[in-house]
Structures are given as C-alpha cells and as structure tokens.
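Architecture and fold: a report
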Amino acid sequence: MTAPGGPRGRIPHGLDEVVSSAPFAQAFTICAIATTFSIPLIRNLLDWPGVVGALGTLVLLAGVVLIGRRHYIEWRGWWPLSIFAFMAWCALSLFWSDYSTDGFVGIAYQVVVAILAMTIALTRDMIQIVRAAGGVLRALLAVSIILEMLSGIFFDVPIPFLSIEGNIALGGPIQGIFVTRNMLGLMAVIALITFVIEWRTHSVDRPIAYGSIALAVLCLLLSQSPINQLLILVVLVATLALYWLRKSSPERRTLIQAFLLTVSLIGFVAVYLARNLIIRWLDAASEFGVRYHLWRSTWDLVKDNFLEGWGWIGAWRNDDFPYILINIQVDRVHASALNAYLDVYLQVGLVGIFLFLVLCLFAFLRSWNLASNRRSLIYTWPALVLVTLLAGSAAESHILTGTGWFLLVICAAKASQYQSWRPKKQPYTALPPENHPDWIP
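Residues numbered from 1 in each chain as written. Predicted model: local features only at pLDDT ≥ 70, side-chain atom pairs only at ≥ 80, totals over all residues. Heavy atoms only, no water.

What the protein contains, in helices and strands, is 16 helices and 0 strands. The buried share among the 441 residues of the protein stands at 52%. Long-range pairs, those at least 24 residues apart, make up 77% of the contacts in the protein with a sequence separation of at least 6. Carbon and sulfur atoms make up 69% of the accessible area of the protein, which amounts to about 20900 Å² in all. (Helix = DSSP H or I, 4+ residues; strand = E, 2+ residues; numbered from the N terminus. Buried < 20%, exposed > 50% of the residue type's maximum accessible area, 1.4 Å probe, protein only. Contact = heavy atoms within 4.5 Å. Areas by Shrake-Rupley, 256 points an atom, 1.4 Å probe, with all protein chains shown as cover.)

Structure (structure tokens):
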C-alpha cells in the first residue's frame, strides 16, 4: 500500500513537520543538556546502564532531529576538523592499548557525547543554547541546594546513594547532585556566566535573573572549592578584558589583543613563580599535595610511552594498568590525573596532546574573536565557558569526559560556524527566519 499523500516509504507530512519544527529541536536540546549535566546523578541512581540507556536514546533522537532539519542546516565549510582529528587519534590508540575493551567503551562514550553536542550546535542558535543551558542549570543547582538542606538541616543525615554528606549547616563543603565539591563549583561558575548573560540580554525576567545569580554564587561559596575560587578570578579577568575589547574601536582592537596576550604570558609566569604563596592563601596545601603526588606518579609513566601513550580510556578504571599502579603509588583511588593536559599526554601521548592543544587553541581563538567583534553579548558565552574549562583543566580532567567534553565540543563547533576559514555556501543560521522564535534584530 502507498501512504496517503506520497509514495511508499515517504515520511507522513504531519510527522515531518513535527520533527523539523523548532519546538522539537528545542525539546531535544533541553533533554540533551539536562542528561549530560546530570550524568553523576543518573549514575548514582541507575548506575552506568541508566547512563547508557539515556545517552543511547538521545543519540537516536539526534538522528531524527538532523534528518528533520536537514534543509535548514549548513553542512559545508564549518566542521571543526580539530575535534575529529583528536577523536580519530584516540580511536587509533585502541590498536596498541592493553585494555581494548575498556578503551572501546571510553571511545564510544566520547563519540556519543560529541554527537549530542554537534547536533545542538548544528540545529540551535547561540541564544537558544544559552537559554536552554540556563534553564537546566537553574533546576540542577536548585535541586542540589534542596537536597543538601534536607540532608544537613531538616533530617541531619547524609544521603550516601547520592554522595551527599549533609554539611550545609556547617557552611560546606557541599557536593549537591554532582558527587564532588569541585564539580559543583565548576557547574556554579558556568551557571554564573550563563545567568549574567541571560540578565544582560534580557532573556529572562529580572527577578529570575537575580535569583539565579544568587543561587550560583551560593553554590560556589558552599562548595568551598579552592580551585574554583581561583577559577572565578580568572573568569572575572577574562570578562573585564572582553568588556575593554568590545568597547574599543575596531582599529584599536589588534593593539589591545597584543597587549592582553603579553600580559597573559607574564601572568602565567608570575602565577608559576608565586604558586606556593597562592596555595597558602587559598589554604589548599593539603589538596595540592595530593595532586602533586598524583602528577609525579603519572608523569613517571608518561615517559614510558611518551609518543603514542597507553591508549585512550577517558575516565580511569582501577583494574587497568597503568592506572591501578598510579593509584597504588598515591594510596588513593583516582578516576583521572586531576590535570586534563597530563591525562591526555598519559593516554594518547605526544601526538594526542598536540592534537588536543590544537583543538583547544582553535576553539579559544575563534570564540574570543567572535566575542570581541560581535555586537550581541550572547557571543561572549563560548569564550567565557572555554576560559573556565581550559583554566580549570590545570587541576581537573572534567573537560575530557561528560559535561566538560560536551561543552568543549559545543563551544568549538559554534565558534567554527561563525569563524571558520573555509568558505560556506551562505551565512550560517540554524533556523529560517520564519521559524526562528528567538530572533533578535
């Protein structure tokens, strides 16, 4: 039989309209962001099978969204090749890895999260991504505070299956639904960036904006994370630099960029020389000592396979060599090297760290140039999120898996769409004007 209105196999007109509509794409975006940001919570509640089920369903929906919106997508001239080059080298590392099964799982996890991020970057405009991320972060931070209050104030008992210790009555540290205080602090910093941009672009009402900013600051303070206390200062400096650039004339921006680059290099050197003073100021000596011991043990094993690495795995498995040896040496169980750059070097060697740095460099330069030259404040979001991720990667490896990798791919892809050196058929727009609910003249 032939389907009404078309030949056999043709998608019904009504269904095609649904999957190609902006509300369907927005619903997918919210679900994908919420799921990716909530992976620690899903893992605590349903273990890894629950995470696999959720991500697998979203990948299928991503295919539906891409097929439905295929006529609105600019496919040529924007693809961030640095992302694919890094993932391809990670996949190749399976051939010399001693833990090929776990390595395959790590690669699959990396690819699935990248597919979700790419789909969002292809089908949604910047303002729509920021609004979706803001809504999700508001909900997750609010849930974190509510659960911490229930645990630490109302019932005064920890919630072990959610990794909540109930220290809110003591002023922290709290973890919320993100398992660790450092991850909660990182999400609070990203949320603060998102909420301020929402406020300044009038994307939400003022009471919601003010309440959201207060919520993010509260979570950041209660996390008591020395790493994120320093990170928020880096973000503040980057914000002031962008403000200066955006207020300057186009003729002066090149000179200002050169000045900022010089100051940044001097700042890196100064921070390195004053690292002991900074550690004492942040009262983080014990935490830094743990990291330093871990970094030394990791570096000793990097030198054994410095060119090709031990093979990609993403998050460490404690029953795989060399990770079990590192954890034995430091007498703790770690799921990463607590330094993304060292982690990449360990897993995929000199070639891998080169490709990863190229990915980060291109993403940052494109997003920074976009934020400096576009009139709308919404374009500062990728640059500031990347500053947060790249600076935080010196003390955590969140950028390599889950939420961090998801945000890195989105920011790199959106920056590439607007700043790619390869020619496009036409200027990029994720939605046709007649279907664009968030278009702002």
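Okay, a nonpolar patch on the surface next. A grouping of Ile146, Leu150, Ile153, Phe154, Phe155 and Val157 is seen on the molecular surface, where their side chains present a nonpolar patch of about 600 Å² in accessible area. For Phe154, the position within the fold is in helix α6 (residues 126-154). For Phe154, a relative accessible area of 57% gives the class exposed. (Patch = residues over 30% accessible without salt bridge, like charges linked within 9 Å, V, L, I, M, F, W, Y side chains within 5 Å. Salt bridge = Lys/Arg side-chain N within 4 Å of Asp/Glu carboxyl O.)

As a further point, take the pattern of salt bridges. Tallied over the entire structure, the rule returns 3 salt bridges. Of the charged contacts, one joins Glu396 and Arg291 as a salt bridge, the two residues approaching to 2.6 Å between their closest N and O atoms. Separated by 105 residues along the polypeptide, Glu396 in the loop between α15 (380-392) and α16 (402-419) and Arg291 in helix α12 (residues 285-302) bring together distant segments of the chain. The pair Glu396 / Arg291 is uniform in exposure class, with both members buried. In this structure, Lys303 and Asp300 form a salt bridge, with 3.9 Å as the shortest nitrogen-oxygen distance.

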